[in-house]
Amino acid sequence: MREDVEVTDLLKYAHVERERRFLVSAIPEGVVATHRIEDHYVEGSRLRLREVTGADGAVVRKLGHKVRLSASPAEIASTSIYLDDEEWRLLRQLPSTTLTKTRHIVERHGWVVAVDEFPDGTLLAEIDDGDNDGDHPAAPVPDWLDVVEDVSRDEAWTGWALARRQDGGPASESATPPPATAAPPPATAAPPPATAAPPPASAAPPPASA
């Protein structure tokens, strides 16, 4: 690829996400939708397979490609395509690390906030600042969001890092399963010889007398 190709050309079909992330202590009032999300981060790539199951059981599957626009995880160019069942089955054969969560969409006082609930009870809220490219200060976090910590620039709270933590590490580094059964014990020692070797024959008789 030519190095002089502008980033804007490379990302012309991408949606830029400028997200702030916060650990919160509770799911706020105002939930309008809840989805179950299963993400599969494909090893050795910037690809993510996502399966979203709605409250009505409807399933949507997507392939996403994410490119950072800076060293921080807070600004991402994201491109997605929708997959049918055959495409999903094919791509799911790729080695990946899995993250599961329940997403609560909160609409309150003009804000739209996604709060992800993980199996261990951790709550992570995301606020998308949209077109704010950093030239203007971000709007203050609403006071009804019970923020514990701002983790927007913390690598430990990116999707890939969370998947590794939840999945116990990349699939390629998973422990080798134990064999089906333990190895049999070694055979018993060889039995001793049946009897000791016979004693040597008696000494030859003395010569006849002269």
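Note that the coordinates shown come from a computational prediction; the quantities given were computed from them, not determined experimentally.

### Here we look at the overall build of the protein chain
Here's step 1: The number of helices and strands found in the protein chain is 3 helices and 9 strands.
Here's step 2: Out of the 210 residues belonging to the protein chain, those deemed buried represent 31%.
Here's step 3: For the protein chain, contacts bridging at least 24 residues in sequence account for 61% of all contacts bridging at least 6.
Here's step 4: When the accessible area of the protein chain is evaluated, it comes to approximately 14,100 Å², of which 56% is carbon and sulfur surface.

### Comments concerning helix H3 (residues 159-167)
In an α-helix, one turn spans 3.6 residues, which is why side chains three or four residues apart end up on the same side.
Here's step 1: Within the sequence span of H3, burial applies to Gly159, Ala161, Leu162 and Ala163.
Here's step 2: Contact partners of the buried residues in H3: strand S2 (31-42), strand S6 (96-108) and strand S8 (123-128).

### So, the side chain of Ser152
Here's step 1: Tracing the sequence through the fold places Ser152 in the loop between strand S9 (147-150) and H3.
Here's step 2: Looking at Ser152, the relative accessible area reads 7%, which means it is buried.
Here's step 3: Looking at Ser152, its side chain comes within polar contact range of the main-chain nitrogen of Arg21, at 2.9 Å.
Here's step 4: A distance of 2.7 Å separates polar atoms of two side chains, one belonging to Ser152 and the other to Asp150.

### Quick word on the nonpolar core
Here's step 1: Phe22, Val24, Val106, Val113, Val115, Leu123, Ala125, Ile127, Trp144 and Leu145 together form the largest nonpolar core, which totals 10 residues.
Here's step 2: Examining the composition of this core, we find that 3 residues originate from one element, S8, more than from any other.
Here's step 3: Not counting chain neighbours up to four residues away, the residues in contact with Ala125 comprise Arg20, Arg21, Phe22, Val24, Val113, Ala114, Val115 and Leu145.
Here's step 4: One finds Leu23, Leu99, Leu162 and Ala163 within the second-largest nonpolar core, a separate group that totals 9 residues.

### Regarding the pairing of strand S4 (residues 59-68)
Here's step 1: Across 7 bridges, the pairing between strand S3 (residues 47-54) and S4 is antiparallel. Looking at S4, one finds that Thr53 is bridged to Val59.
Here's step 2: Remark: 4 residues form the turn of the hairpin made by S3 and S4, two consecutive strands paired antiparallel; Gly57 in that turn has positive phi of roughly 90°.
Here's step 3: Across 7 bridges, S4 lies against strand S5 (residues 75-82) in antiparallel orientation. By the bridge assignment, Lys66 is partnered in S5 with Ser78.
Here's step 4: The hairpin turn running from S4 into S5, its antiparallel successor, is 6 residues long.

### Points about the confidence of the model for the protein chain
Here's step 1: With 71% of its residues at a pLDDT of 70 or more, the protein chain has an overall mean of 80.
Here's step 2: In the predicted structure, residues 1-5 sits below a pLDDT of 50 and forms 2 contacts with residues beyond four places in sequence or in another chain.
Here's step 3: When the criterion is pLDDT under 50, residues 170-210 qualifies, and its contacts beyond four places in sequence or with other chains add up to 8 contacts.

### Overview of the side chain of Lys101
Here's step 1: Along the chain, Lys101 turns up in strand S6.
Here's step 2: Within the structure, Lys101 has its side chain in polar contact with the side chain of Asp116 (distance 3.1 Å).
Here's step 3: Once residues lying within four places of it in the same chain are set aside, the contact partners of Lys101 are His35, Arg36, Ile37, Asp39, Arg50, Asp116, Glu117 and Phe118.

### Looking at the packing of aromatic side chains
Here's step 1: Under the criterion given, the structure shown has 1 aromatic pair.
Here's step 2: Seen from the ring of Trp157, Arg165 lies directly overhead, with NZ or CZ sitting 4.8 Å from the centre.

### Here's the deal with the pattern of salt bridges
Here's step 1: All chains considered together, the criterion is met by 16 salt bridges.
Here's step 2: Across the pair Lys101 and Asp116 runs a salt bridge, and its minimum N-O distance is 3.1 Å. With Lys101 in strand S6 and Asp116 in strand S7 (residues 111-117), this pair connects stretches of sequence that are 15 residues apart. The same class applies to Lys101 as to Asp116, namely buried.

Definitions and limits used
Residues numbered from 1 in each chain as written. Predicted model: local features only at pLDDT ≥ 70, side-chain atom pairs only at ≥ 80, totals over all residues. Heavy atoms only, no water. Helix = DSSP H or I, 4+ residues; strand = E, 2+ residues; numbered from the N terminus. Buried < 20%, exposed > 50% of the residue type's maximum accessible area, 1.4 Å probe, protein only. Contact = heavy atoms within 4.5 Å. Areas by Shrake-Rupley, 256 points an atom, 1.4 Å probe, with all protein chains shown as cover. Polar contact = N/O pair within 3.5 Å; in protein donor to acceptor, adjacent residues only side chain to side chain. Core = buried A, V, L, I, M, F, W, Y, C linked by side-chain atoms within 4.5 Å. Pairing = 2+ DSSP bridges. pLDDT = per-residue confidence, 0-100. Phe/Tyr/Trp six-rings, centres within 6.5 Å; stacked < 30°, edge-to-face > 60°. Lys NZ or Arg CZ within 6 Å of the ring centre and 35° of its normal. Salt bridge = Lys/Arg side-chain N within 4 Å of Asp/Glu carboxyl O.

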